Amino acid sequence: MTKKLSMQDIILTLQKYWASCGANLMQAYDNEVGAGTQSPYTFFTG
């Protein structure tokens, strides 16, 4: 029988995977920024 993963387990597993790939992970937060043009999630650096 397989252990069912909770939503927290799934998110943690994904965070660990992307961190091991060198991704920069940002935690979500709620901040009104209009159309989203000032949101850090819409800005990528190369």
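Report follows, based on the coordinates. (Residues numbered from 1 in each chain as written. Predicted model: local features only at pLDDT ≥ 70, side-chain atom pairs only at ≥ 80, totals over all residues. Heavy atoms only, no water.)

This part covers the overall build of the chain. Looking only at helices and strands, the chain features one helix and zero strands. The 46 residues of the chain split such that 4% are buried. Counting only carbon and sulfur atoms, one obtains 59% of the accessible surface of the chain, whose full area is about 4,700 Å². (Helix = DSSP H or I, 4+ residues; strand = E, 2+ residues; numbered from the N terminus. Buried < 20%, exposed > 50% of the residue type's maximum accessible area, 1.4 Å probe, protein only. Areas by Shrake-Rupley, 256 points an atom, 1.4 Å probe, with all protein chains shown as cover.)

Our focus in this paragraph is the packing of aromatic side chains. Tallied over the full model, the rule gives one aromatic pair. With centroids separated by 5.1 Å and ring planes inclined at 70 degrees, the aromatic side chains of Tyr-17 and Trp-18 adopt a geometry described as edge-to-face. When its relative accessible area of 45% is taken as the criterion, Tyr-17 is described as partly exposed. Residue class for Trp-18 comes out partly exposed when judged on its relative accessible area of 44%. (Phe/Tyr/Trp six-rings, centres within 6.5 Å; stacked < 30°, edge-to-face > 60°.)

What follows covers helix α1 (residues 7-20). With 14 residues, α1 should cover 20 Å at 1.5 Å per step; its first-to-last C-alpha distance of 20 Å lies within 8% of that length. A positive phi of about 90 degrees marks Gly-22, the residue just after α1. (Expected span 1.5 Å × (residues − 1).)

A contiguous nonpolar patch, built from Leu-5, Met-7, Ile-10, Ile-11, Leu-14, Tyr-17, Trp-18 and Leu-25 and spanning about 800 Å² of accessible area, is present on the exposed surface. Considering the arrangement of structural elements, one finds Tyr-17 in helix α1. (Patch = residues over 30% accessible without salt bridge, like charges linked within 9 Å, V, L, I, M, F, W, Y side chains within 5 Å. Salt bridge = Lys/Arg side-chain N within 4 Å of Asp/Glu carboxyl O.)

Fair warning: the whole summary comes from geometry, so function is off the table for now.
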